[in-house]
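Below are the chains, spelled out letter by letter.
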Amino acid sequence: LAFCGDVILVGDDLESGGAPSTGAAYVFERSGGGWVETARLVGSDITNQASSFGFSVSVFGDRALVGAVAGWVDGVRTGSAYVFEKRDVGWVEVEKLVAPDRALNDLFGYSVSTSGNLAVVGSLLDDHSGVTDAGSAYVFEVGVGRSYCDSTDNSSGAPALLSSTGSASLALNDLRLAALPVPNQIGLFFCGSQHVQVPFGNGWRCVGGTLLRLPPMAAKAHVLSRAIDLNAPPLAGRLLPGATWNFQAWFRDPSAGSAGFNSSTALSILVGP
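All values reported here derive from a predicted model rather than from experimental measurement.

Enquirer: Hey, could you run me through the sheet that holds strand β16 (residues 175–180) in this one?
Expert: Read from one edge of the open sheet, 3 strands run β15-β16-β22, paired in antiparallel fashion. The open sheet has two edge strands with one neighbour each: β15 (161–165) and β22 (224–228). Each strand of the sheet is rotated relative to its neighbour by a mean of 20°, with strand direction disregarded. Here β16 runs beside β22; their pairing, made up of 5 bridges, is antiparallel. Of the residues in β22, the one forming a bridge with R176 is A227.

Enquirer: So what exactly am I meant to see when it comes to the packing of aromatic side chains here?
Expert: Both the distance between ring centres and the angle between the ring planes are used here to describe each pair of aromatic rings. Tallying each qualifying case throughout the model produces 8 aromatic pairs. Arranged with centres 6.3 Å apart and planes meeting at 90°, the rings of F108 and F140 form a pair that is edge-to-face. Highlighted residues: F108 in strand β11 (residues 108–115) and F140 in strand β13 (residues 136–141), separated in sequence by 32 residues. A relative accessible area of 17% places F140 in the buried class. The interplanar angle of 70° and the centroid separation of 5.1 Å between the aromatic rings of F200 and F261 together place this pair among those described as edge-to-face. Of this pair, F200 sits in strand β18 (residues 194–200) while F261 sits in strand β24 (residues 261–270); the two residues are 61 residues apart in sequence, bridging distant segments of the chain.

What counts as what
- Residues numbered from 1 in each chain as written.
- Predicted model: local features only at pLDDT ≥ 70, side-chain atom pairs only at ≥ 80, totals over all residues.
- Heavy atoms only, no water.
- Pairing = 2+ DSSP bridges.
- Helix = DSSP H or I, 4+ residues; strand = E, 2+ residues; numbered from the N terminus.
- Axes fitted to C-alpha atoms, helices over the stretch in contact; angles between N-to-C directions.
- Phe/Tyr/Trp six-rings, centres within 6.5 Å; stacked < 30°, edge-to-face > 60°.
- Buried < 20%, exposed > 50% of the residue type's maximum accessible area, 1.4 Å probe, protein only.

Spelled out as structure tokens, the structure:
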């Protein structure tokens, strides 16, 4: 199982779907003082295959990563992993991850972890360097944009990492940003056209040029999350297709002392039509 903010993800790799041990993963989200099941996740191409989907799970912000340790790829049982993102219509599968050098019974998906725009997938029995079943791990970039710049520890006990879900398409207009962990304080997202790294509060400001600031909001469960409307002020008409814009989160942090505020890592995002 995995937990982040208001989401708990539980894997059940022995659940029988169209075949024994097809597997599934269940999403529970906080509702008032309790937890409510909001989604049942299954890989789109393993409905009738014994794939042990849900053997490993990870969740970060609005992204879930689920390992299918016995998943089939091109007719070979090598293991696979699936990326899901929370959209307006619910949790949807957005990507299937496989090892480029996959082989039979590598157990790719034995372990998974996701943070920011990275996904790491363990392959327990991968052969390499002339060693049988040596094992390895694969790193993938997922989500929108490329992460850059540093963030310092805040009073939540760790640096705030900025991640994204959806897309940077003006037509789809489904970009969402999340920064965590952050203190349960007021914060906001801002963007600009330049990369910088200058001292800023208790951390760094990594975005420069003309800054566009979105409205402030309160973090909840140590997560600052907002749907970014690319077609509304202050972004409308400024973020044009083909241009790269850089996003970062700012948040109050009085418990940390010193300047009393901090910022997240940054994301460089290419705007699409």
